[in-house]
Amino acid sequence: MRKSRGFEGELIIEVPKIAVTNCEELPLIRSLFISRMGFYPKALHHYYQRPGGISQVILLYCTDGKGWIQIQDENITVHAGEIIVIPTGIPHSYGADSKNPWSIYWFHLNGSQGNEAAYAIMGTENQNFQPIQVGFSDERNVIFKQIATTFLKGYSAANLLLANLSLPYYLSTFIAPEFFSQQNGVTTHVSATDRAVKFMQENLSRAITLDNIAQSANLSISFFSRKFKQDTGYTPIEYFNHLRIQKGCQLLHFSDLRINEVASQIGIDDPFYFSRLFKQQMGVSPVNYRKNKGTDMH
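Notes on the structure in this doc start here. These numbers come from a predicted model, not from an experiment. (Residues numbered from 1 in each chain as written. Predicted model: local features only at pLDDT ≥ 70, side-chain atom pairs only at ≥ 80, totals over all residues. Heavy atoms only, no water.)

**Structural notes on the packing of aromatic side chains**
Defined as follows: Pairing of aromatic rings covers Phe, Tyr and Trp, the last counted by its six-membered ring, and requires centre-to-centre distances within 6.5 Å; plane angles under 30 degrees mean stacked, over 60 mean edge-to-face, and any other angle means tilted. Numbering of helices and strands runs from the N terminus, with a helix taken as a DSSP run of H or I at least four residues long and a strand as a DSSP run of E at least two residues long. Three labels apply to residues, based on accessible area from a 1.4 Å probe with only protein chains included: buried if under 20% of the type maximum, exposed if over 50%, partly exposed otherwise in between.
Under the criterion given, the structure shown has 19 aromatic pairs. Ring plane angle 45° and centroid distance 6.0 Å describe the contact between Y47 and W68, whose orientation is recorded as tilted. Here Y47, found in strand β3 (residues 47-50), pairs with W68, found in strand β5 (residues 66-71); they are 21 residues apart in sequence, far enough to count as distant. Here Y47 falls in the buried class, since its relative accessible area comes to 18%. Seen from their ring centres, F228 and Y239 are 5.3 Å apart, and the 85° between their planes marks the pair as edge-to-face. One end of the pair, F228, is in helix α8 (residues 221-232); the other, Y239, is in helix α9 (residues 236-254), and eleven residues separate them in sequence.

Spelled out as structure tokens, the structure:
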């Protein structure tokens, strides 16, 4: 009874070989583009086996029921709200649960950055393949439908660009699911990092401390600092200083405040420290930035 397709209500889009070749020649999308995509609802008896893997990245996003994937001699269950991405050349097989078959959105991705996209979603390059909980999102489904609708209109260069330039945004709903996951139309989770950044934005005119920021996130300084850098790539104070200098740029552009007054507006009492910090980030002094409106920046 096993089958790879033929499910009631399914959607399958096979991008023609000539269109794939065109994607490979379009600079904006040739590093990451779609060669196949689809949706299988309640895919009873769904099964696929690829003993040698394939040259495309495979993305499987389960929205209902459950299924399984066998990869590297490990049998893994995939539940609703989870995604798993298989990089190129990895032997695998997968299928629907026999009692509660999955509904899945799926993609085959081509291009030199396909594996990078896979690792960005899965959060690892050590090939420790486990499903990632990404929840559910109306916006994610809307993007999928937009991509599919564009392909169904034909494979002109414009359509190939439109569909594939939407792909990174679609993938971002899995990379940062906390910004997209919803229940009954309401965002279900605001992270500690989100709370901290909101606190920073609301206090740009104050000389706040690391302790102040950690308290806004309801975490200890040490744990918060590690978590914040993991999420953003910056320490909390570095991030806060970036926000301050962004605000300083706006004031230099759109106000007649003197340099020391701009510094004061972003909570810095020492205009010399402000100038050093500004030049460190922007590559020019505040005076030259205002004089040239940022046009001489590198």
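**A few points about helix α6 (residues 192-202)**
Filter applied, for reference: Think of the arc as the fan of directions from the helix axis to the C-beta atoms. Only heavy atoms enter the contact rule, under which two residues are in contact if any of them lie within 4.5 Å.
Every buried residue of α6 is listed here: A192, T193, A196, V197, F199 and M200. Buried residues of α6, seen end-on, are gathered within an arc of 160° and therefore sit on one face of the element. On its buried side, α6 packs onto α7 (210-216), α8 and α9.

**Some details on the sheet that holds strand β1 (residues 11-14)**
So the rule is basically this: Whether two strands pair comes down to DSSP finding at least two bridges between them. In this description, a line fitted to the C-alpha atoms serves as the axis of each element, helices being fitted only across the stretch in contact, and the angle between N-to-C directions of two axes falls anywhere from 0 to 180 degrees.
Read across the open sheet, the six strands follow the order β1-β2-β9-β4-β7-β10; overall the sheet is antiparallel. Edge positions in the open sheet fall to β1 and β10 (132-133), since each of these has one partner strand only. Contacting β1, β2 (33-40), β4 (57-64) and β9 (103-110), helix α3 (residues 138-152) crosses the sheet at an angle of about 115° to β2.

**So, unusual backbone geometry**
Even without glycine at this site, K42 takes up a positive phi of about 45°. By the secondary structure assignment, K42 is in the loop between β2 and β3. A residue is classified by how much of its surface remains accessible, and K42, at 44% relative accessible area, is partly exposed. Although it is not a glycine, N218 sits at a positive phi angle of roughly 60°. Among the secondary structure elements, N218 is positioned in the loop between α7 and α8.

**Regarding the pattern of salt bridges**
Selection criterion: A side-chain nitrogen of Lys or Arg and a carboxyl oxygen of Asp or Glu constitute a salt bridge if their distance falls within 4 Å.
This structure, assessed with the given rule, holds six salt bridges. Across the salt bridge formed by R5 and E14, the nearest N and O atoms sit 2.9 Å from each other. The partly exposed category is assigned to R5, whose relative accessible area is 39%. A salt bridge links E14 to R36, with the shortest nitrogen-to-oxygen separation between them at 2.9 Å. Remark: R36 occurs in strand β2 and E14 occurs in strand β1; sequence separation between them is 22 residues. Under the relative-accessibility criterion, R36 is labelled buried at 14%. Taken together, the shared-partner salt bridges in this structure form one network comprising R5, E14 and R36.

**Some thoughts on the nonpolar core**
Note the threshold: Only buried Ala, Val, Leu, Ile, Met, Phe, Trp, Tyr and Cys residues count toward a nonpolar core, and they belong to the same one when joined by side-chain atoms within 4.5 Å.
The biggest cluster of nonpolar side chains holds 55 residues, and the ones touching the most others in it are M37, L59, W102, F151, Y170 and L171. No other element matches β4, which puts six residues into this core. Formed by 15 residues, the second largest nonpolar core is a distinct cluster that contains L252, I266, I268 and F278.

**Side note on the packing of α6 against α8**
Defined as follows: An angle below 35 degrees is read as roughly parallel, one above 145 as roughly antiparallel, one from 65 to 115 as roughly perpendicular, and any other as oblique. Only Asp, Glu, Lys and Arg are considered charged, only Ala, Val, Leu, Ile, Met, Phe, Trp, Tyr, Cys and Pro nonpolar, and every remaining residue, Gly among them, polar.
Contact geometry for α6 and α8: axes closest at 10 Å, N-to-C directions at 90°. With respect to their mutual orientation, α6 and α8 come out roughly perpendicular. Counting all contacts with α6, which are made through A192, T193, A196, V197 and M200, the residues of α8 involved are F224, K227, F228, D231 and T232. By residue class, the composition of the contact of α6 with α8 is six nonpolar, two polar and two charged.

**Let's talk about the environment of F129**
Relative to the helices and strands, F129 resides in the loop between α2 (114-122) and β10. A residue is classified by how much of its surface remains accessible, and F129, at 6% relative accessible area, is buried. Measuring from C-alpha to C-alpha, the distance between F129 and V85 comes to 8.2 Å, with 44 residues separating the pair along the chain. When sequence neighbours within four positions are dropped, the list of residues in contact with F129 reads I71, Q72, I76, I84, V85, P87 and I90.

**Considerations on helix α1 (residues 17-25)**
Inspection of α1 places A19, V20 and C23 among the buried residues, and these make up the whole buried set. For α1, the buried positions fall inside an angular range of 105° around the axis, keeping them on one side. In α1, the exposed positions that point more than 90 degrees away from the buried face belong to K17, I18 and E25. Here the buried face of α1 lies against β2, β9 and α4 (157-165).

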